[in-house]
Structure formats: structure tokens, C-alpha cells
Amino acid sequence: MSTAAVSESADATASRAAPTTGKKEPETRGSWLRFLAMLVITAVVLVPIVAVVLLSLRPALGSTSTAPFTLENFLNVFSQTEVLTWLKNSMLVTVVTVVVSVAVAAPAGYVLSRGRSQLVSGFSLVLFVVQSLPIVTAVIPLFILFAQFGLVDTLTGIMIIYVGSTMSVAIWMMAAYYDSIPISLEEAAWMDGCTVFGSFLRIVLRNSLPGILSTAIFSFLLAWNDYLVALVFLRSSEKFVLPVGVQSFFQQNSTNWGLVMAVAVVMMLPPVILFATLNRYFSVGGIGGSLAGQ
Amino acid sequence: MLPEHDQDESNASATHHDGRDRGAPAVKDVRQVSTPTAGQSLTRARKGVAVGGSGPPPGKRKARRPGPSPLILLAFAAPSLILLLLINLYPLIYAGWQSLRDGSLISAGDFVGLENYKDVLTDPVFWQATRFTVIFTVVGVFGSWAVGLALALLLKTRIPFNTGFKVLLLLPWVVPVVVSATSWNWLVATPQSPMPILAEALGLGNVLFLANPLLAQITVCVFKVWISFPFMMTMMAAALASVDSNVYEAAKVDGASKWKTLKDITLPMISRSTYISWILMTIFCVNDFSTIFLLTGGGPVNATQSLVVLAYVTVFQNFQTGPGVAIAFLMTFVLVVISVVLYRRIRKVQIL
């Protein structure tokens, strides 16, 4: 962040110097050309997303309405389908996953950041390997295990798996953030007789809000968007979360696009709102950001 | 990403707290990070800086200080270790054991040795899936990298509404795959969809994107690039931002062409981030289930079936647990080897 700021200010200096060499005119024209190019590219890229929104706002199938945009599809979806149940299930699963995942990753990330031994290196390696494994390998044995404990077709079952699959990346992300907090702050506290746990809570965690937010958003997206685990474990429609709900609804009503897209908008809205409000904490890469930071 | 403001605050409180001059060195560190010298910027540029944090301050790692005791660290890691054993390690071991049996989702079955592996490896469907997985991964990684890098380079220049574009272009990554797959289905799947109509209007005849095997493969790959390029764009933008602009000034003075500057200066300086993003995208692509399954379900006639989709179909649609787990386990084995080797290469500088 700070390096970026430095190079930006250097850019500014360079551009301020530019007029003296008489090159200002072609540069501005170039920048407007690039602006146009970006505008076209962005528009093309966003076609599928804009289409979802526009189709959901069209008059419902067989409706007499002539208005260009209506909320009929949404009214129909909420009154005739289980989408509210799915939304509630998705919210519950995602919130629990995020909270547990951060609560587990916050102390474990501290170990990765501050520990200096072969064991910690091994721990770090295991986490990296775990995050690269195909989840389908774990899903099959877990299905058999969960069947014995009655956890198939329950929200608890998929929460456990989501926590397990977000955890390794979450720990890495927290560790990468702790690395940027100087250990001298904690040492000062230890000198004063503060315990490691106390300094962790009062110094490290207190200064890690951006890191915690990034980790939470990462877990949120993973739990909210996952399709495979939900598809395997959830069987009855009142237990569905939105991904399986949207997909099953799509298969049953594939010609009624307005209705299908209304359900899709319901699913898309929470992550997009989160993104709009907290986009500076979005760590698109998750583990990528953590790795590149080292 | 350094919370400089916060840190200064806690430095101040620490100094105040013990009444000694403890805060001073830390303040100096912070200042060092915020105004790096050209040499430091070069080092940092090569390492790359991203959202996860700007990494440890240089020189901090080596210093041997009294830290938290191993027992406390173990207590900190305990919850994650338990979950790791239960949700990640146990299934892996169980899957290995299961791949040697002819069981089902309900019964354990009998021990059959390497029979499942033999069946899988002699099945042409497996090799077809392997072939498509490789194609999908290569196109997914390099396609999204090329697009992402081009956009990152474009956005690095002065453009009005720059930040707005950056945010909007991340949407394909933020929108759930289920939603975008539904939308892509609307765009390409039926004869009434916009894309086939467009193709017809352009005189290409009746194009059925998901019914023709080759076109379905291309469509799935393009869909994957569409989803993944924001990841690459962000990784590359973060790496580019950490390249010192003085380097470009020097290149300009030396009269280097734009292409030469890109090839000989920019790319080498962001090579580390590039390498890491390739590795991660490879892992994402190989493990990708929903992108393919939601758009084509692996069809037509298995043309877009990747190994993950094949493993899923074998177990949960054909109910052949043994062979399905064997496929998953073969993938797992390859991925473990790849990720251990790559991990060592990435981190060797630091600890290993």
C-alpha cells in the first residue's frame, strides 16, 4: 500500500513536469482513448451480470403489464417459492462459517507469523497442501462419515466442511497480516508483565481489523458461493442453501427467465453489496495475496 | 496495507505505558516502510506486494528474540489442528483406503487391491477427462493471465474514472458462479439465446454453442477466463504498483521501446507474483467443479468432462465409489506433489 502511494506520487510529479516538455496535449488525448477502450471492455465484460438484473425486472410471463420494469418477478418468487428459506439458510451457514473460521484462524495465524521452528514450517506446508486439494476427495469419505452421525442433509454438516475448507487459507491470510505488525510492540508489553495471550488480544488483534475483515470476506464468499458441497449433502428443498436452490429452480423453470433471474438476483445481492461497501478489504487472491506478500 | 496510522497510535501508547523509549525503533521501522529507497523498492517489487499485507519488514525475521513459548503456540494452534485432522486429514486417509475396496456409499466392501486404479487407468473416459482438464487448465491460467495483465497495464496508465473500472471489472469474480452460469446459459445455450441469434445474423448459420463438442469446450474455457481474469488483474496490478517508477524513467531516457520495456523490465520485475498467480490458478482450475458442471454438466458426450466432474459423476450418479475415489485420489496425489515442490520453491528464501 505504502509503496503504491509512493509510486503514485512519483507519477504525479512526472505528469506535473510533463507540460514543460510540451507533451501534455497528446497525453490527454491518449488517456481519453484509453478511457473509451476501457469503457467498451467493461461493458462487454459486464453483459452477463447486467442481463441478470434486466431480465429479472421484466414483466412476468403472461403478465398484462406494459411497464418496461416491474417487480412482479420478485413478488412471484417470494410468494410462490422457498427462496426466503434458502436465503435464511444461506445466511445462517455463511455467518457461522465466517465467525468460526476467523475465530480458529486468528490464533493459528499468530503461530504461523511468530513461531520459529521446524514444526511451524511443517504446519505452514501442511496448510498450503491442504488448500490445494480437490474438495471432491474429502467430500466422499465425509459423506460416509456424516451419514453415520446423521449429518447428511443438515446445515450443521455443510458448515463443518466449509470451516474446514476455508481454514487453511484463512490462517495464511491472518499470518500475512500479523507479519506487518512489529513484534517490538508485543515485546514492550511482555516486559511490563503482560501475558502472550494478553498481548495477542490487546495489541495484535486490536491492530488487525483490516486483516480480519479480509479473512472474513474471503470465508464469506467461499461459503456463500460453494456449489459442490451443498449439492452432495443437501437433499430436501427446505434445507437448500441458495446455490442449490437457484440451480434446482433453474432446472424446473428454464423457460421462465424472469423468474429464474429474480432468484439469481437474490443470491447475487449480498456479495455485491458487501463488495460495494468493503471493496478495499477484498483480497481477491486469498492465499495469493498472502503468498505474494512474502 | 500497513495500518501506519494504527501503529503509530499503539507505539505512542506503548511508550506512554512503560515510560521508556521502547516505541522509538518501531516508529523508525514504519517510516522506513513508507518511504523506501530505490534499492528497497526494487527488492520489494520483485517480491510483489498484495492485499494480504506487505510482508515482514526487511531484517526482522533473522533477529533472534525471546518469543512466545512453544506450549502457548501449541494452544493457539490447537483448534485448527483438531479441525485439520478431522476435516482434511481423516478423509484423505479414508479415501486412500476406500480406493482399494469395492464398497459403496453405505458398505465398506471387500479389499480389491489396485483393481480400481487398473480399471480407471484403462478407461478411455478417464484419459479423455485428463486431456480436457489439461486444456481447461492451460487456457484458464494463461488466458486469464494475459487478459488480467493487459488490463492491469492499461489501468496503470492515467485514465479518467480509473478506480471505477477496477471495481467494476472485479464483479465477475464476486458474483456467485451459480448466478453467472445461469446467465451464460441464457446467453448461449438455447436457439433463442442472444449469442446464437447474433451468430446467425453474422451469417455463421445455426450455431449451437453447448451442443457441439468443440464449441462447448471453447465456451467453457472462455467462461473460465471470464470468471478468473479479475484475480489475475488484481495480482498483477499489485505487483505493478510496487515497481519503482524511476525504473521506467531510466528506461525512457535510454530510449527503450514500450514493448522492450515490458519484456525486459516489467515482466522480470513482477516475475515472482506472476509465478505465484500461475500456480494458484492452476490449482483453482484443476479443482474447478462448478464452472464446468453448471454450464455443460460435462457434456455433450463427455466432451467437457474434467477429472473432478468425472469423479463426482462416478460416485454420486453411477454409484461406483471405488473407481470414483481412485480418480479423486490420483488427482490428489498429483496435486500434493506439485504443491509441495512449488511451496518449497516459493518459500525457500524465507524459512526452508
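Residues numbered from 1 in each chain as written. Chains lettered and ligands numbered in written order. Predicted model: local features only at pLDDT ≥ 70, side-chain atom pairs only at ≥ 80, totals over all residues.

Caption draft 1: Up close: the overall build of chain B. If you tally the helices and strands in chain B, you get 17 helices and zero strands. Per-residue burial over chain B gives 43% buried out of 352 residues. For chain B, the share of sequence-separated contacts (at least 6 apart) that also reach a separation of at least 24 residues comes to 68%. (Helix = DSSP H or I, 4+ residues; strand = E, 2+ residues; numbered from the N terminus. Buried ≥ 20, exposed ≤ 12 C-beta atoms within 10 Å, placed from the backbone. Contact = placed C-beta atoms within 7 Å.)

Caption draft 2: Main features of the overall build of chain A. When helices and strands are counted, chain A shows 14 helices and zero strands. Reading the helices (α) and strands (β) of chain A from amino to carboxyl end gives α-α-α-α-α-α-α-α-α-α-α-α-α-α. Every one of the 294 residues in chain A was classed for burial, and the buried ones make up 52%. Nonlocal contacts in chain A, meaning residues at least 24 apart in sequence, comprise 77% of its contacts between residues at least 6 apart.

Caption draft 3: Just unusual backbone geometry, in detail. Residue and element names in this part refer to chain B. Of note in this structure, Phe 161 is not a glycine but carries a positive phi near 65°. Following the sequence through the fold, Phe 161 ends up in the loop between helix H6 (124-156) and helix H7 (162-169). Judged by the 12 C-beta atoms lying within 10 Å of it, Phe 161 is exposed. Residues other than glycine seldom take positive phi values, yet Phe 319 does so here, at roughly 55°. Summarising the element assignment, Phe 319 is placed in the loop between helix H16 (307-316) and helix H17 (321-347).

Caption draft 4: Structural context of the environment of B:Val178. Tracing the backbone through its elements, the reader meets B:Val178 in helix H9 (residues 177-188). Judged by C-beta crowding, with 26 C-beta atoms within 10 Å, B:Val178 ranks as buried. Through-space distance from the C-alpha of B:Val178 to that of B:Ala239 is 30 Å; in sequence the pair is 61 residues apart. Look past the residues within four positions of B:Val178 in its chain and what remains in contact with it is A:Tyr227, A:Pro243, A:Val246, A:Gln247, A:Met267 and B:Leu294.

Caption draft 5: View of helix H7 (residues 155-178) of chain A. Residue and element names in this part refer to chain A. In this model H7 runs 32 Å from its N-terminal to its C-terminal C-alpha over 24 residues, within 8% of the 34 Å that 1.5 Å per residue would give. Along H7, the helix axis deviates most sharply at Met 167, where the bend reaches about 40°. Within H7, 22 of the 24 residues are buried, which leaves it mostly tucked inside the rest of the structure. (Expected span 1.5 Å × (residues − 1). Bend = angle between axes of the 7 residues up to and from the residue.)

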